[in-house]
Amino acid sequence: MEQRTLGKDGLTVSAEGLGCMGMTFGYGDADEAEAVATIHRALELGVTLLDSADMYGPFTNEALVGRAVRGRRDQVVLATKVGNEIDADGRLTGSLNNRPDYIKRAVEGSLARLGTDHLDLYYLHRIDPEVPVEESIGAMAELVAEGKVRHLGVSEASAATIRRAHAVHPLAAVQTEYSLFTRDVEINGVLDTVRELGIGFVAYSPLGRGFLTGGIRSTRDIPEGLDFRRISPRFTEDNLRRNLPVVDALSVLADRVGVSVTRLALAWVLSRGDDVVAIPGTKRRRYLEENVGALSVPLTAETIAEIDRIAPHGVTAGDRYPTQDMAQLEG
């Protein structure tokens, strides 16, 4: 497995990590046995970066990851997040909370659920406009000094906020959605800023929440139950019809290259630079193995140019999130 470095302080991770959210949250029914088997298979394949958050569940995702890595802690880089407020009864309030006292309470729960004495990478999940980011990162820097956290990051932050946060304590990573479905970071200054400052970039949803696998052609293909895509603007029937020509054209190109469209789309993200790490999410071993295969896909300049012609920035119909969630994104 190729290794890449996030930030200037030597956080080394596999070029492709594993997004664990869907194992317990956001993408239909959970299958704990298969999810744990998927994490174990990821470790066998050389995947080291496991990505979670306290809000996934809430709490159930960190607990599952903690059980899966018990006895294997030295094989993994554990990343989790804080900032979506969870009340005393363990329910998401729908609000952001980046207050220092909240962060310091939340980290203790994350450490306990993950079964570890330190987090390798701790992100502000969303930026709370009511709390100066300097105060939030300052509190997280104290956790670094205490040995509870090794490296810091922010998620879905603007270029200006990234600069402010990095000035308080060096950031190892900025995590933001990035794929052929979502190329905003290329034009809003985020990618340029992290490269200027020497911060690594972690791309979540690099397969466009499954759309770029070619397996979703109508809302009937979205699993029943609590699946985020049932409320996502990009997955309404009208927007799916408008977006399908893109994945169809990519599929034709993938056939010419001799790979699946899944591997083509992931390989494109991985080709963006040695400072870019992708964390495709899955809860099944067969999809994990398909995703890891993207690391062996060589992309020529001609293929990349054709991909850019098919899926330039702005080609996708529909917002990334429902209106209330879009309001919590800075980037």
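The coordinates are above.
Treat the numbers as computed from the prediction; the structure is a model and nothing was measured.

### Looking at the overall build of the protein chain
- Within the protein chain one finds 11 helices and 12 strands.
- Computed over C-alpha atoms, the radius of gyration of the protein chain comes to 19 Å, within 12% of the 20 Å expected from 2.2 N^0.38 for 331 residues, which places it in the range of a compact globule.
- In terms of overall dimensions, the protein chain has a C-alpha envelope of 55 × 40 × 40 Å along the principal axes.
- Taking all 331 residues of the protein chain together, 57% fall into the buried category.

### Observations regarding the side chain of Glu 156
- As for its placement among the helices and strands, Glu 156 is situated in the loop between strand E9 (149-155) and helix H5 (159-168).
- At a separation of 3.5 Å, a polar atom in the side chain of Glu 156 contacts the main-chain amide nitrogen of Glu 177.
- Within the structure, the side chain of Glu 156 is placed 2.7 Å from the side chain of Arg 320, a separation counted as a polar contact.

### Here's the deal with the layout of surface pockets
- Taken as a whole, the second largest pocket holds about 240 Å³ of empty space.
- In terms of lining, the second largest pocket is formed by 22 residues, of which the most central are Thr 182, Asp 184, Arg 234, His 313 and Arg 320.
- In terms of residue class, the lining of the second largest pocket is made up of 7 nonpolar, 8 polar and 7 charged.

### Quick notes on the environment of Trp 268
- Considering the arrangement of structural elements, one finds Trp 268 in helix H8 (residues 261-270).
- A C-alpha to C-alpha distance of 13 Å links Trp 268 and Ile 279, two positions 11 residues apart in sequence.
- Ignoring any residue separated from it by four or fewer positions in sequence, one finds Trp 268 in contact with Tyr 178, Ser 179, Leu 180, Arg 183, Glu 186, Leu 299, Ile 307 and Asp 308.

### Comments concerning the pairing of E9
- E9 sits mainly inside the fold: 6 of its 7 residues count as buried.
- As paired elements, strand E8 (residues 119-124) and E9 share 5 bridges and run parallel to each other. Each residue of the ladder has a partner; that of Tyr 123, found in E9, is Gly 153.
- Taken together, E8, helix H4 (residues 133-145) and E9 form a β-α-β motif whose crossover is right-handed.
- Where E9 lies against strand E10 (residues 171-177), 4 bridges are found, and the strand directions are parallel. The partner of Val 154 across the bridge, within E10, is Val 174.
- Note that the unit made of E9, H5 and E10 has a crossover that is right-handed.

### Quick notes on the packing of aromatic side chains
- Scanning all chains against the criterion turns up 7 aromatic pairs.
- Its end group placed over the ring of Phe 181, Arg 234 keeps NZ or CZ at 5.0 Å from the ring centre.
- The cationic tip of Arg 286 hangs over the ring face of Tyr 287; the distance from NZ or CZ to the ring centre is 4.6 Å.

### Structural notes on empty space enclosed by the protein
- Counting across every chain of the model gives 1 cavity of 30 Å³ or more.
- By volume, the largest cavity is sized at about 30 Å³.
- Contributing to the lining of the largest cavity are Glu 177, Phe 181, Arg 209, Ser 232, Arg 234, Phe 235 and Arg 320.
- Residues of the lining of the largest cavity, tallied by class, amount to 2 nonpolar, 1 polar and 4 charged.

### Remarks on the packing of helix H2 (residues 60-68) against helix H3 (residues 100-114)
- At a closest axis distance of 7 Å, the pairing of H2 and H3 adopts a crossing angle of 40°. Judged by the angle between their axes, H2 and H3 are oblique. Only Ser 110, Arg 113 and Leu 114 of H3 make contact with H2, whose side of the interface consists of Glu 62, Ala 63, Val 65 and Gly 66.
- Of the residues contributing to the contact of H2 with H3, the split by class is 3 nonpolar, 2 polar and 2 charged.

### Some points on the pattern of salt bridges
- By the definition in use, this model includes 30 salt bridges.
- For Arg 41, the salt bridge is made with Glu 289, and the minimal N-O distance between the two is 2.8 Å. Of this pair, Arg 41 sits in helix H1 (residues 32-44) while Glu 289 sits in helix H9 (residues 285-292), and the two are 248 residues apart along the sequence.
- Of the residues examined, Glu 289 reaches a relative accessible area of 36% and is grouped as partly exposed.
- Of the charged contacts in the structure, one is a salt bridge between Asp 51 and Lys 81, with a shortest N-O distance of 2.6 Å. Pair noted here: Asp 51 is in strand E4 (residues 49-51) and Lys 81 is in strand E5 (residues 77-82), with a separation of 30 residues, a long-range link.
- Salt bridges here are not isolated pairs; linked through shared partners, they connect Glu 156, Glu 177, Asp 184, Arg 209 and Arg 320.

Cut-offs applied
Think of each chain on its own: its residues are numbered from 1, step by step along the sequence as written. The model is predicted, so local features are restricted to residues of pLDDT at least 70 and side-chain atom pairs to those at 80 or more, both for listing and for counting; the totals for chains, interfaces and linings are taken over all residues. Based on all heavy atoms of the structure, the side-chain values leave hydrogens and waters out of the count. Here a strand is any run of E in DSSP of at least two residues, a helix any run of H or I of at least four, and the numbering for each starts at the N terminus. Radius of gyration: over C-alpha atoms. The globule rule applied is 2.2 Å multiplied by the number of residues raised to the 0.38 power. When accessible area is computed with a 1.4 Å probe and restricted to protein chains, residues below 20% of their type maximum are described as buried, those above 50% as exposed, and intermediate ones as partly exposed. Any N or O atom pair separated by 3.5 Å or less is treated as a polar contact, with the protein-specific requirement of one donor-capable and one acceptor-capable atom, and with residues adjacent in sequence counted only for side-chain atom pairs. A 1.4 Å probe that fits but cannot get out identifies a cavity on a 1 Å grid over protein atoms alone, an open set with protein on both sides within 12 Å along at least five of seven lines counts as a pocket, and a residue lines either if it has an atom within 4 Å of a point. Grid points are joined across faces, edges and corners, and a volume is the space filled by probe spheres set on the points. Residues are sorted three ways: Asp, Glu, Lys and Arg are charged, Ala, Val, Leu, Ile, Met, Phe, Trp, Tyr, Cys and Pro are nonpolar, and all the rest, Gly among them, are polar. Residues count as neighbours in contact if any of their non-hydrogen atoms are within 4.5 Å of one another. Here, any two strands with at least 2 DSSP bridges between them count as paired. With strands facing away from the observer, any crossover in which the path from the first strand over the helix to the second runs clockwise is taken as right-handed. What counts as a ring pair is set by centres within 6.5 Å for rings of Phe, Tyr and Trp (its six-membered ring), and what kind of pair is set by the plane angle: stacked under 30 degrees, edge-to-face over 60, tilted for all other angles. We call a charge positioned above a ring when the Lys NZ or Arg CZ atom is no farther than 6 Å from the ring centre and deviates by at most 35 degrees from the ring normal. Angles here are taken between N-to-C directions and fall from 0 to 180 degrees, while the axes themselves are lines fitted to C-alpha atoms, restricted in helices to the stretch in contact. For classification, angles of less than 35 degrees are called roughly parallel, those exceeding 145 degrees roughly antiparallel, those between 65 and 115 degrees roughly perpendicular, and all remaining angles oblique. In the sections that follow, a salt bridge refers to a side-chain nitrogen of Lys or Arg positioned within 4 Å of a carboxyl oxygen of Asp or Glu.

Keep in mind these values describe shape, not function.
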